[in-house]
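# Observations on the three-dimensional arrangement
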Amino acid sequence: MSEESKSLSQFYLELDKKWTAHNYKPIPVVIKKAKGVWVWDVDGKKYMDCLSAYSSQNFGHRNPKLVNALRKQANKVILTSRAFCNDSMGSAAQKLCELTDYEVFLPMNTGAEAVESALKIARKWGYEKKGVDNNKAEIIVCENNFHGRTITIVGFSTDPDAYDGFGPKTPGFKVIPYGDIDALKKAINKNTVAFLFEPIQGEAGVLLPPKGYLKEIQEVCKENNVLMIADEIQTGLCRTGALLACNHENTKPDMTLVAKAVGGGVFPVSGVLANWDVMNILTPGSHGSTWGGNSLGMAVLEAVCDLLKEEDFSKKSNELGRFFIDGLNRIKRKFPDKIKEVRGKGLLVAIELQGKARPYTEAMMKNKPIGLLAKETHEFSIRFAPPLVVTKKELEWALEVIEKVFDETS
Ligand SMILES: Cc1ncc(COP(=O)(O)O)c(C=O)c1O
């Protein structure tokens, strides 16, 4: 193809391919502009975003209140490091703790850092409070987990794509089947300090545990003096129809991990929510992050908390989720040879296909005149997680596109 006939999209795709590591296989769309649920590519085509940056854009791209908070703070102070204090961190943490009913917040930046922080806290808690012998602490995790990409986290992943080639694995982790409370009971021993789990396994393809699982985890952890650690990095902040997915069963983990949407899709913010009897295990020098608790991120976090108080995103996510899942089930009934299952809670939804998902996600992207952006998760599922500001009418349109794609793609 001559240089002149190349689209701008092709130009940028080639640039990425040449100059950045090939650790992703993105849908080949090059986004230049975004607002609410809509994004535009460099060639001017419009798309609905049905992924929300893996649930980071719960409040819509460039939510004006959040961008305003970012701008305002950027004109004052952005980063001081934790060597000094700033006037944003305490008040943001207070608002998040009051919303989630925890006593204290440890601010970090990315999801994997929040997970690593919780693992460190759990081990130290085990030695100092539970009395586990030094270096013997064990943490139980689930099959098909996704908690991030650090060397320790991928070491307890059961996905070969994530762990292959990165050994040796960090010791001290035990893997059990997800949703199996008896397996948890059996796996616990005197050295067990924590159970780390996702209330819904998002990356695994939106896998929901059996009803009552969260409540049972809480009981088993309490009985055995084991910390219950919920990774709500993808499920948190109303994505599943409750502020935190653990709220669906009125459970309160010892630690709740948040990231993605707590930064409102405008700045990376993450962290660990806990009560003081656990968090006081951290003492000066035992943990830290140069950017964790920075003024800019904390100003955004405070604005996110204000937004959550002003609008009932859980109700919206619940109602629209039900509508969307019903619509997808209708499409499944029409194409039983192509769609195996529809599952989800709130607006965290997936369809599992009989065959490979990629041809369908690419066809959705190519839909004319407006495309739909969703991403396959593993080979056979497609996850749909539009921003929670989406309207019923917009979801009706999305369902029409999905139906058309299933009609036309084989
Ligand atoms: C449940 C869960 N935990 C942890 C992470 C890791 O977050 P990050 O990519 O910000 O490190 C993710 C990211 O997708 C996630 O979905």
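Note that the coordinates shown come from a computational prediction; the quantities given were computed from them, not determined experimentally.

Within the largest apolar cluster, 63 residues are counted, with the highest numbers of intra-cluster contacts made by Phe324, Leu328, Met364, Phe384 and Phe406. Broken down by element, this core gets its largest block of residues, nine residues, from helix α11 (residues 295-310). Counting residues domain by domain, this core receives three or more from each of domain 1 (13-62 + 313-408) and domain 2 (64-310). Listed in part, the 32 residues of the second largest apolar core include Leu119, Phe173, Ile229 and Val272.

On to the site of the ligand. Taken together, Thr110, Gly111, Ala112, Phe146, His147, Gly148, Glu198, Glu203, Asp231, Ile233, Gln234 and Lys260 make up the full set of residues adjacent to the ligand. Separating an oxygen atom of the ligand from a side-chain N or O atom of Gln234 is a distance of 2.8 Å. Counted by class, the shell around the ligand contains three nonpolar, five polar and four charged residues.

The next point concerns the packing of helix α4 (residues 89-100) against α11. Relative to each other, α4 and α11 sit at 30 degrees, their axes nearing to 8 Å. By crossing handedness, the relation of α4 to α11 is classed as left-handed. Mapping the contact onto sequence places Met89, Ser91, Ala92, Lys95, Leu96 and Leu99 in α4 and Met298, Leu301, Glu302, Cys305, Asp306, Leu308 and Lys309 in α11.

One can read the domain layout of the protein as domain 1 (13-62 + 313-408) and domain 2 (64-310). Measuring from the centre of the C-alpha atoms in domain 1 to the corresponding centre in domain 2 gives 26 Å. Roughly 2,300 Å² of surface becomes buried between domain 1 and domain 2 when both sides are summed, with 56% attributable to carbon and sulfur atoms. At the boundary of domain 1 with domain 2, the tally comes to one salt bridge. Here Arg383 makes a salt bridge to Glu203, at a shortest N to O gap of 2.6 Å. For the pair domain 1 and domain 2, the number of links is 18 residue pairs in polar contact (both at pLDDT 80 or more). Those elements that provide at least two residues to the side of domain 1 that touches domain 2 are α2 (52-55), α12 (313-334), β11 (339-345), β12 (348-353) and β15 (381-384). Here the side of domain 1 that touches domain 2 takes four residues from α12, the largest share from any one element. When the residues that make up the side of domain 1 that touches domain 2 are grouped by side-chain class, the tally is 11 nonpolar, 13 polar and four charged.

On to the environment of Lys375. Inspection of the secondary structure assignment puts Lys375 in strand β14 (residues 375-377). For Lys375 and Lys338, which are 37 residues apart along the polypeptide, the C-alpha to C-alpha distance reads 17 Å. Setting aside its immediate chain neighbours within four residues, Lys375 contacts Lys25, Pro26, Ile27, Leu51, Tyr54, Arg358, Thr361, Ser381, Ile382 and Arg383. A polar contact is formed between the side chain of Lys375 and the side chain of Glu376, at a distance of 3.5 Å.

Tallying each qualifying case throughout the model produces 10 aromatic pairs. For the ring pair Phe59 and Phe313, a centre distance of 5.1 Å and an interplane angle of 70 degrees mean the geometry is edge-to-face. With a gap of 254 residues between them, Phe59 in the loop between α2 and α3 (64-74) and Phe313 in helix α12 connect regions that are remote in the sequence. Each of the two residues, Phe59 as well as Phe313, counts as buried.

Reading the values: rules and limits
- Each chain has its residues counted from 1, following the order in which its sequence is written.
- Side-chain atom pairs in this predicted model are given and counted only at pLDDT of 80 or more, local residue features only at pLDDT of at least 70, and totals for whole chains, interfaces and linings cover all residues.
- Values reported for side chains reflect all heavy atoms of the structure, with hydrogen atoms and water molecules removed beforehand.
- Only buried Ala, Val, Leu, Ile, Met, Phe, Trp, Tyr and Cys residues count toward a nonpolar core, and they belong to the same one when joined by side-chain atoms within 4.5 Å.
- For the exposure calls, accessible area comes from a 1.4 Å probe over protein chains only, and a residue counts as buried if that area is under 20% of its type's maximum, exposed if over 50%, partly exposed in between.
- Numbering of helices and strands runs from the N terminus; a helix is a DSSP stretch of H or I covering at least four residues, while a strand is a stretch of E covering at least two.
- For the domains described, the bounds stem from an automatic or database domain assignment.
- The near set for a molecule or strand comprises every residue that places at least one heavy atom within 4 Å of it.
- Nitrogen and oxygen atoms within 3.5 Å of one another constitute a polar contact, given that in protein one can donate a hydrogen and the other can accept it, and given that sequence-neighbouring residues count only through two side-chain atoms.
- For this scheme, ten residues count as nonpolar: Ala, Val, Leu, Ile, Met, Phe, Trp, Tyr, Cys and Pro. Four count as charged, namely Asp, Glu, Lys and Arg, and the remainder, Gly too, count as polar.
- Note on method: axes are straight lines fitted to C-alpha atoms, helices fitted across the in-contact stretch only, with angles between N-to-C directions ranging 0 to 180 degrees.
- We call a crossing left-handed when the near helix sits turned anticlockwise from the far one by less than a right angle, and right-handed when that turn is clockwise.
- The contact definition used throughout considers only heavy atoms, calling two residues in contact when any of these lie within 4.5 Å.
- A 1.4 Å probe defines the accessible area here, and the buried area is the portion of it lost by two parts on being joined, summed over both.
- What counts as a salt bridge is simple: a side-chain nitrogen of Lys or Arg found within 4 Å of a carboxyl oxygen of Asp or Glu.
- Each pair of aromatic rings taken from Phe, Tyr and Trp, with Trp reduced to its six-membered ring, is defined by centres within 6.5 Å and is described as stacked if the planes are under 30 degrees apart, edge-to-face if over 60, and tilted in the remaining cases.

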